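Read off the chains here:
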Amino acid sequence: MILNVDLAADLPIYQQIRDQIVEAIAHGALTEGSPLPPTRTLAADFGINFHTVNKAYDLLRQEGLIRLSRGTGAVVTAAATDQLLPSDWTARARTLLAEAVARGMPADDVLQACRTLLDSFGAADQEDTR
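If you're wondering where the values come from, they're calculated on a predicted model, not measured in any experiment.

Undergrad: Before we go on, may I ask you to explain the overall build of the chain in this structure?
TA: When helices and strands are tallied, the chain shows 6 helices and 2 strands. Ordered by position from the N terminus, the helices and strands of the chain form the series α-α-α-β-β-α-α-α. Taken across its 130 residues, the chain has 24% of its residues classed as buried. A separation of at least 24 residues holds for 44% of the contacts in the chain among residues at least 6 apart in sequence. Counting only carbon and sulfur atoms, one obtains 55% of the accessible surface of the chain, whose full area is about 9,000 Å².

Structural data, given as structure tokens:
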């Protein structure tokens, strides 16, 4: 797994790390049991404070996507669908969709972009197995 952090971006570094790990899980690059780099190692690689990485990992732990332990460090857990409340997801999606509408993006383009992104995560394959 390769993470890229833009130190000059408006998005906080911990959020960039968290988001990229979530995407790696969605793409299947990280699966259940996959270890994540130790916080101090990842922080040193990026030249950032280890508390920043710790905050990203703690968010992932709260969301049920990783578990943290002294013996094994940070490890990806099984997809935790019960951890993500529909209202949480809906609120975040609502804001993103509102931004698209506010910028004048046609509804068909928004829907196509959503389908393309879902397909990139293998969502169509997951639907077929249910």
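From this point, things continue past the structure.
Undergrad: Where do I start with the packing of helix α1 (residues 13-27) against helix α3 (residues 50-62) in this structure?
TA: Taken N-terminus to C-terminus, the directions of α1 and α3 make an angle of 45°; their axes are 8 Å apart at the nearest point. Relative to α3, α1 is oriented oblique. The chirality of how α1 crosses α3 is right-handed. Contacts between α1 and α3 involve Ile-13, Tyr-14, Gln-15, Ile-17, Arg-18, Ile-21 and Val-22 from the former and Thr-52, Val-53, Lys-55, Ala-56, Tyr-57, Leu-59 and Leu-60 from the latter. Looking at the contact of α1 with α3, its residues break down into 10 nonpolar, 2 polar and 2 charged.

Undergrad: Would you take a moment to explain the nonpolar core for this structure?
TA: One recurring pattern in soluble globular proteins: nonpolar side chains tend to sit buried together. Membership of the largest hydrophobic core comes to 18 residues, with the highest contact counts inside it found for Ile-17, Ile-21, Leu-36, Val-53, Tyr-57 and Ile-66. Going through the elements one at a time, α1, α2 (39-46), α3 and β2 (73-76) are the ones with two or more residues in this core. In terms of residue count, the dominant contributor to this core is α3 (4 residues). Beyond its immediate stretch of four places on either side in the chain, Leu-36 contacts Met-1, Ile-21, Leu-30, Tyr-57, Ile-66, Ala-74 and Val-76.

Undergrad: Looking at this model, I keep getting lost on α2. Mind explaining?
TA: Note: α-helices contain 3.6 residues per turn, so residues at a spacing of three or four share the same orientation. Those residues of α2 not exposed but buried are Thr-39, Leu-42 and Ala-43. Within α2, the buried residues cover an arc of 100° as seen down the axis, which keeps them to one side. The exposed set on the far side of α2, more than 90 degrees from its buried face, consists of Arg-40, Ala-44 and Asp-45. Where α2 is buried, its residues meet α1 and α3.

Undergrad: Looking at this structure, I do not really get the pairing of β2. What am I missing?
TA: Strand residues, when the strand is regular, have side chains that alternate between the two faces of the sheet. Pairing of strand β1 (residues 66-69) with β2, which is carried by 4 bridges, proceeds in the antiparallel orientation. Bridging from a neighbouring strand, Ile-66 pairs with Val-76 of β2. Connecting the antiparallel pair β1 and β2 is a turn made up of 3 residues.

Undergrad: I would appreciate a short explanation of the layout of surface pockets in the present structure.
TA: Rolling a probe over the atoms, with the probe sized like a water molecule, indicates the empty space that remains. Reported here for the second largest pocket is a volume of approximately 160 Å³. At the level of elements, α3, β1 and β2 are the ones that each hand at least two residues to the lining of the second largest pocket. A per-class count over the lining of the second largest pocket returns 7 nonpolar, 5 polar and no charged.

Rules of the game
- Residues numbered from 1 in each chain as written.
- Predicted model: local features only at pLDDT ≥ 70, side-chain atom pairs only at ≥ 80, totals over all residues.
- Heavy atoms only, no water.
- Helix = DSSP H or I, 4+ residues; strand = E, 2+ residues; numbered from the N terminus.
- Buried < 20%, exposed > 50% of the residue type's maximum accessible area, 1.4 Å probe, protein only.
- Contact = heavy atoms within 4.5 Å.
- Areas by Shrake-Rupley, 256 points an atom, 1.4 Å probe, with all protein chains shown as cover.
- Axes fitted to C-alpha atoms, helices over the stretch in contact; angles between N-to-C directions.
- Parallel < 35°, antiparallel > 145°, perpendicular 65-115°, else oblique.
- Left-handed = near helix turned anticlockwise from the far one by under 90°.
- Nonpolar A, V, L, I, M, F, W, Y, C, P; charged D, E, K, R; others polar.
- Core = buried A, V, L, I, M, F, W, Y, C linked by side-chain atoms within 4.5 Å.
- Arc of directions from axis to C-beta.
- Pairing = 2+ DSSP bridges.
- 1 Å grid on protein atoms, 1.4 Å probe; cavity = no way out; pocket = protein on both sides within 12 Å on 5 of 7 lines; lining within 4 Å.
- Points joined across faces, edges and corners; volume = space filled by probe spheres on them.

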